[in-house]
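# Structural overview
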Amino acid sequence: MLADNFDFGLWMIVNLVFLVTSVAAFVMAALAREDAYRAADKKTKPFWMVILGVAVAVNLFIPMLFLSIAGLIASIVFFVDVRPALQQVSGGGGRRGGSSSDGPYGPYNGGR
């Protein structure tokens, strides 16, 4: 009986993680501009909205592990590949201040 409760609790935690990941990816995909997808040379915004929307729906309504894992993979691909490209194109590339002449190791002074 304790093992059954543990299995159910573990499944609920895993399902919650999958759901939160797919919802977060869906929201971030919705907030990005349509032209940023084209400029980043990624699939279109409607494509990602459909893929991530299906992932959210699967995690909410269809308790099949295989489909949930497929949705998680789609969300991870969005987070790892698409979102950084969108941020770079949109100008939100993670820069925290600094000058336009700053290089990876500090300011570039032109060999002076």
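Residues numbered from 1 in each chain as written. Predicted model: local features only at pLDDT ≥ 70, side-chain atom pairs only at ≥ 80, totals over all residues. Heavy atoms only, no water.

Looking up the protein chain in an unreviewed UniProt entry gives the name DUF2516 family protein, with the organism given as Streptomyces peucetius.

## Section: the confidence of the model for the protein chain
Counting all residues, the mean pLDDT for the protein chain is 85, and 79% of those residues have values of 70 or more. The spread of mean pLDDT over the elements of the protein chain runs between strand β1 (residues 102-103), the lowest at 64, and helix α3 (residues 45-61), the highest at 95. (pLDDT = per-residue confidence, 0-100. Helix = DSSP H or I, 4+ residues; strand = E, 2+ residues; numbered from the N terminus.)

## Side note on the UniProt feature "transmembrane region" (unreviewed entry) in the protein chain
If you check UniProt for "transmembrane region" (unreviewed entry), the listed places come out as residues 12-32 and 47-80 in our numbering. As annotated, residues 12-32 has a helix share of 95% and a strand share of 0%, and its two end C-alpha atoms lie 30 Å apart. (UniProt positions renumbered as here; feature names shortened; annotations may be inferred.)

## Let's talk about unusual backbone geometry
A positive phi angle, close to 60°, is found at aspartate 41, a residue other than glycine. Of note, aspartate 41 is situated in the loop between α2 (34-39) and α3.

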